[in-house]
Amino acid sequence: MELLKSSISKANIILEILDARLPLSSSNPYINKLCRNILKIKILNKNDIADPDITKQWLTYFNDNKDKAIAVTAKEKKDIKKLLGYCNKYIKKKRAQKIKLMVIGIPNTGKSTIINSIAGKKVAKTGNVPAITRHNQRMATKYMDIYDTPGILWPVLEPKLRADIIAASGAISNTAMDYNDTGAFVLDFLLKNYPDYIKKRYKFEALPEKKVHLIEKIGIMRGCLQKGGMVDITRTYEILVNELRRGKLGRVSFEKPDDYFESL
Ligand code: GTP
């Protein structure tokens, strides 16, 4: 934490990387204490797999509340260009010499991918496993300093809904979650909010009435059978969760700005 504070004190812009599918649950309130008096931009990353209408609502919500926020897909060059244009404008206004950038956020939100896209080469280690990043280093060019090891903040896992959303998104290690719990949460969530995605992905004309029949049918379709022909429900849920995480079911967002007010 001391290392993180020291890097932050040297930066003049903080990029708070949020997951666009869960901008509320992927934030950590401690960041506001850490970043007093430094420009903080909320980056709603993974925009390519988030529900576009809901992302729009979030951007309006943040910008109305005087938080600077933009939505990006980390590997999209045009998004990174827009982000750097935003930083440059601010730096010119402040008459500072160069951008000194620190990237911060909870695990697996895409911090390293964004750093690599900004640097234009692989300087930070990425991966679909939370908390890959460990040591602190700086990458310097004439116009910009980037701390190429991002600051990791731990996710807040209360209340239960928030913990479920975090687990579904992949921000906690798979060994710290239970695929039966997370899978059941994901299935309920999809049935309530995106039932057509399930129909389309698993080629159902109509959804089975009972959830247990639905997950069994998905299991059969994905070849998740145990000895004796019983469906391996845990394995089926694991596949469902991973398809959701990779955006294979469609563009999904777990929370809307209205949920934020409910959670206060
Ligand atoms: P930690 O080391 O856990 O803190 O992770 P991180 O925040 O540095 O995330 P990282 O850059 O390693 O990315 C995590 C996973 O998300 C990887 O599988 C990336 O390929 C993926 N990812 C990052 N950005 C995007 C994005 O904009 N869209 C999509 N679809 N995937 C992304």
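Higher on the page you've got the structure.
The model shown is predicted, which means the values in this text are computed figures rather than measured ones. (Residues numbered from 1 in each chain as written. Predicted model: local features only at pLDDT ≥ 70, side-chain atom pairs only at ≥ 80, totals over all residues. Heavy atoms only, no water.)

A. The nonpolar core, seen in detail. V186, L190, I198, L240, L244 and F254 are the most contacted members of the largest nonpolar core, which has 40 residues in total. Every element with two or more residues in this core is listed here: helix 3 (52-64), strand 3 (68-71), helix 6 (160-169), helix 7 (179-193), helix 8 (195-202), helix 9 (211-221) and helix 10 (233-245). For this core, the leading source of residues is helix 7, giving six residues. Each of domain 1 (2-148) and domain 2 (160-259) gives at least three residues to this core. The next biggest cluster of nonpolar side chains, apart from the first, holds 25 residues, and it includes L15, L83, I118 and I146. (Core = buried A, V, L, I, M, F, W, Y, C linked by side-chain atoms within 4.5 Å. Buried < 20%, exposed > 50% of the residue type's maximum accessible area, 1.4 Å probe, protein only. Helix = DSSP H or I, 4+ residues; strand = E, 2+ residues; numbered from the N terminus. Domains from an automatic or database assignment.)

B. Spotlight on unusual backbone geometry. Geometrically, the link from E158 to P159 is a cis peptide bond, its omega value of -5 degrees lying close to zero. Its location among the elements puts P159 in the loop between strand 7 (151-152) and helix 6. A positive phi is found at N37, a non-glycine position, where the angle reads about 65 degrees. Within the element layout of this structure, N37 appears in the loop between helix 2 (30-34) and strand 2 (39-45). Phi is positive for K203, which is not a glycine, with a value near 55 degrees.

C. Representation of the pattern of salt bridges in the model. Under the counting rule described, the total for this entry stands at twelve salt bridges. Its salt-bridge partner being K160, residue D164 comes within 2.9 Å of it at the nearest N-O pair. You can see D164 and its partner K160 sitting in helix 6, four residues apart, about one turn around the helix. Connected through salt bridges with shared partners, the residues E16, K40 and K42 form a single ionic network. (Salt bridge = Lys/Arg side-chain N within 4 Å of Asp/Glu carboxyl O.)

D. Molecular detail of the environment of I70. Tracing the sequence through the fold places I70 in strand 3. Separated by 93 residues in sequence, I70 and A163 place their C-alpha atoms 25 Å apart. With near-sequence residues (within four places) excluded, I70 lies in contact with K42, I43, L44, L59, L83 and Y86. (Contact = heavy atoms within 4.5 Å.)

E. Highlighting the environment of I17. With respect to the element layout, I17 can be found in strand 1 (residues 13-19). For I17, a relative accessible area of 0% corresponds to the buried category. For I17 and Y90, which are 73 residues apart along the polypeptide, the C-alpha to C-alpha distance reads 18 Å.

F. Quick look at the side chain of N28. As for its placement among the helices and strands, N28 is situated in the loop between strand 1 and helix 2. Within the local environment of N28, its side chain forms a polar contact with the backbone nitrogen of Y30, the two atoms lying 2.8 Å apart. From its side chain, N28 meets the backbone oxygen of W154 in a polar contact 2.7 Å long. Among all residues touching N28, those that are not within four sequence positions of it are E16, I106, L153, W154 and V156. (Polar contact = N/O pair within 3.5 Å; in protein donor to acceptor, adjacent residues only side chain to side chain.)

G. Inspection of the environment of I115 at higher detail. Along the chain, the position of I115 falls in helix 5 (residues 111-119). Exposure remark for I115: the relative accessible area of 0% places this residue in the buried category. Once the C-alpha coordinates of I115 and H213 are considered, the two residues, 98 residues apart in sequence, prove to be 44 Å apart. Ignoring sequence-local partners within four residues, the contact set of I115 consists of V103, V123, A124, I146, Y147, D148 and P150.

H. Seen up close, the pairing of strand 1. With seven of seven residues buried, strand 1 lies mostly within the body of the structure. What you see with strand 1 is no split at all: I13, L15, I17 and D19 on one side and I14, E16 and L18 on the other are buried throughout. Inspection of the sheet shows strand 1 paired to strand 2 by seven bridges, in the parallel sense. Considered in strand 2, the bridge of L15 is made with I41. (Pairing = 2+ DSSP bridges.)

None of this, on its own, says anything about what the molecule does.
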